Amino acid sequence: MERLKIIEADITTLDVDAIVNAANSSLLGGGGVDGAIHRAAGKELLAECRTLGGCKTGEAKITKGYRLKARHVIHTVGPVYSDGRHGEPELLAACYRNSLAVAAENGLKTVAFPLVSTGVYGYPMEDAARIALREIVTFLIKHPEFEQVIVACFNRRAREIVEDAKLNMEI
Ligand code: AR6
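Residues numbered from 1 in each chain as written. Predicted model: local features only at pLDDT ≥ 70, side-chain atom pairs only at ≥ 80, totals over all residues. Heavy atoms only, no water.

Novice: Explain helix 3 (residues 88-105) to me, using residue names and the numbers behind them.
Specialist: In an α-helix, one turn spans 3.6 residues, which is why side chains three or four residues apart end up on the same side. The terminal C-alpha atoms of helix 3, which comprises 18 residues, lie 25 Å apart, in line with the 26 Å expected from a rise of 1.5 Å per residue. When we look at burial in helix 3, the residues that qualify are Glu88, Leu92, Ala93, Ala94, Cys95, Tyr96, Ser99, Leu100, Val102 and Ala103. Each element contacted by the buried residues of helix 3 is listed here: strand 2 (18-23), strand 3 (60-64), strand 4 (72-77), strand 5 (110-113), helix 4 (125-142) and strand 6 (148-153). Downstream of helix 3 by one or two residues, Gly107 has phi in the positive range, about 75 degrees. (Helix = DSSP H or I, 4+ residues; strand = E, 2+ residues; numbered from the N terminus. Expected span 1.5 Å × (residues − 1). Buried < 20%, exposed > 50% of the residue type's maximum accessible area, 1.4 Å probe, protein only. Contact = heavy atoms within 4.5 Å.)

Dropping the structure here:
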């Protein structure tokens, strides 16, 4: 099995132990991938999210997946991008690190990520992809028991950017 897989997909359709949600700090839903995940999971997801007391930027919290094929949702809150000099790279890296740590703590083996912060939050996709892959690869090396991390790109352009970032990484 390819331990790092880059695909073009709607993340809500994936059959994995957990999909990661690019949420906001209220954890009470929103647009983009967050809206799509809540729609597909059903209202029970929002009910569980209400019990979590929100989530700080860079942190991650886990819920059940309800009507999704995925067994769990790991909610993380990416930084809003301004110019890259206000802690955005560190906060985005923390999203990936903390989401993967939550997955490992819960005994999960397969997780799929969207490109956190690259929609409404405005993070340049090339930079975001580089940070995502660096954190994912570092985690996979440290956790040989972890089976697979999928990067679910919403369209072809996003997939190509992530594939390029992976190629540049291997040089
Ligand atoms: N599957 C995979 N990727 C998707 C999907 C999907 N179904 N839908 C969108 N994307 P965004 P953010 C991509 O805006 O920038 C919400 O309102 C999308 O093309 O969902 O972290 C939250 O509540 C983009 O590349 O998240 C927050 O308020 C990426 O997912 C805010 O948006 C992330 O885009 C978070 O903004």
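Next, the rest of the story.
Novice: I'd like a description of the packing of helix 1 (residues 32-41) against helix 2 (residues 43-50), backed by residues and values.
Specialist: One way to put it is that helix 1 packs onto helix 2 with a least axis distance of 6 Å and a crossing angle of 115 degrees. By the criterion of interaxial angle, the relationship of helix 1 to helix 2 is roughly perpendicular. The segment helix 1 lies against helix 2, with Ile37, His38 and Ala41 engaging Glu44, Leu45, Leu46 and Cys49. Here the contact of helix 1 with helix 2 is built from residues that sort into five nonpolar, one polar and one charged. (Axes fitted to C-alpha atoms, helices over the stretch in contact; angles between N-to-C directions. Parallel < 35°, antiparallel > 145°, perpendicular 65-115°, else oblique. Nonpolar A, V, L, I, M, F, W, Y, C, P; charged D, E, K, R; others polar.)

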